[in-house]
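Spelled out from the first residue to the last, the chains are:
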Amino acid sequence: MGTRSERTRERLLAAAMELFAERGYDATSAGQIAARAGVTEMTFFRHFPSKASLLIEDPYDPVIGAAIRRQPAGLDPITRTVRGVRAAWRELPPPAVEEVRVRLRIVAQTPALRASMAGGTAATEAVIVDALTSGGVGQFEAKIAAGAVMGALNTALLEWSLTADDDLGGAIDTALDVLADRRD
């Protein structure tokens, strides 16, 4: 059942998704989410630094960084990153597809959230750059590889969220395949 903190966090997420569906993202406040979940606004901010973090938060960064570090150093930076992201995806339990779609669809349809997504992307890119540079890749090349992979993934995920396709893994694979199939 989880700890009390985990249950509170889940209630906050559920309340937010209900309110976003009823009122829209922009018309929903953190206070309204807290009230719907039966907690104070202060409790909301103990669990989430912002309303946007309900939708943008990415717990996968440490897994991605570790998976990239395990790739052979002789591979080019994009291939190392693509293989690392694929390995990380296989290591993680499959997410609830409809929950992911709802969150990403709200992001795709809310311009202010797309800017928040850029902050999450920057954090993931920093993890990728660190993993690549610790394996001998130059900073400049590592940043390019991280940007390319995250750009492909974000585009695929946002586009996927606007469809009825249940194959989230397929969307991720398609993005990574485009990068893996590049030609000189």
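The structure under discussion appears in the preceding block.
Residues numbered from 1 in each chain as written. Predicted model: local features only at pLDDT ≥ 70, side-chain atom pairs only at ≥ 80, totals over all residues. Heavy atoms only, no water.

Draft legend 1. Here's a closer look at the pattern of salt bridges. Under the counting rule described, the total for this entry stands at eight salt bridges. The shortest N-O distance in the salt bridge between E22 and R36 comes to 2.9 Å. Of the two residues, E22 is situated in helix 1 (residues 4-23) and R36 in helix 2 (residues 30-37); the sequence distance between them amounts to 14 residues. For E22, a relative accessible area of 52% translates into the label exposed. (Salt bridge = Lys/Arg side-chain N within 4 Å of Asp/Glu carboxyl O. Helix = DSSP H or I, 4+ residues; strand = E, 2+ residues; numbered from the N terminus. Buried < 20%, exposed > 50% of the residue type's maximum accessible area, 1.4 Å probe, protein only.)

Draft legend 2. Seen up close, the environment of T81. Along the chain, T81 turns up in helix 6 (residues 77-91). In contact with T81, other than residues within four places in its own chain, are I68, I128, L132, A145 and V149. (Contact = heavy atoms within 4.5 Å.)

Draft legend 3. Up close: the packing of helix 6 against helix 9 (residues 139-161). Where helix 6 contacts helix 9, the two axes come as close as 9 Å, and the packing angle between them is 45 degrees. Taken together, the axis directions place helix 6 and helix 9 in an arrangement best described as oblique. Seen along the crossing, helix 6 lies across helix 9 with a hand that is right-handed. Residue-level contacts link P77, I78, T81, V82 and V85 of helix 6 to E141, A145, A148, V149 and L153 of helix 9. (Axes fitted to C-alpha atoms, helices over the stretch in contact; angles between N-to-C directions. Parallel < 35°, antiparallel > 145°, perpendicular 65-115°, else oblique. Left-handed = near helix turned anticlockwise from the far one by under 90°.)

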